[in-house]
Amino acid sequence: MRIRPQIHHALVFILLFTLFSTLSFSAELQDRTNRTPVEVADAPLLFVANQALPPVVYMKDGKAIGVFVDIVRELEKRMGSVIEVRGMQWGKAHSMVANGDADALIQINPSDEREKIYDFSEPVLESQFSIFVKSN
């Protein structure tokens, strides 16, 4: 599936804006760990994702790939930082971020309960699905 360049650029811009905003408040990252500021700056960011959401995120040859992984790779280039993306079972990914063992969770929809645990970016991608049948 190919994304038109205009949509791709818009998605990248939205993700960059929201993630830069989120990462600017990453002092919590240092508080959650016992690393020095230099170690925090040198350490790769860990983004985790549900490995079973093709074409958004899925596994191929043991690596996470998909639309959101491509967006994260563009973010990584622009930030000049290393971002590790790991695909895994949804519950484990959710727990890792909630426990401070990962920096971001890719592709999670807000809910009242989740907003008690996480800070959410603006939506990066909205999708709507319809079922269609023959009219007669």
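Our subject is the structure that appears above.
Here's what I pulled together on the structure shown here.

Basis of the calculations
Residues numbered from 1 in each chain as written. Predicted model: local features only at pLDDT ≥ 70, side-chain atom pairs only at ≥ 80, totals over all residues. Heavy atoms only, no water. Buried < 20%, exposed > 50% of the residue type's maximum accessible area, 1.4 Å probe, protein only. Helix = DSSP H or I, 4+ residues; strand = E, 2+ residues; numbered from the N terminus. Pairing = 2+ DSSP bridges.

Considering the pairing of strand β1 (residues 45-50)
Inference 1: Among the six residues that make up β1, six are buried, leaving the element largely enclosed by the rest of the structure.
Inference 2: The alternating pattern of β1 places Leu45, Phe47 and Ala49 on one face and Leu46, Val48 and Asn50 on the opposite face, and all of these are buried.
Inference 3: Note: β1 against strand β5 (residues 83-88), six bridges, orientation parallel. Note on β5: the bridge partner recorded for Asn50 is Met88.
Inference 4: Summarising the sheet, β1 and strand β6 (residues 104-106) pair through three bridges and their orientation is parallel. Residue Ala49 lies in a different strand from β6, and its bridge partner there is Ile106.

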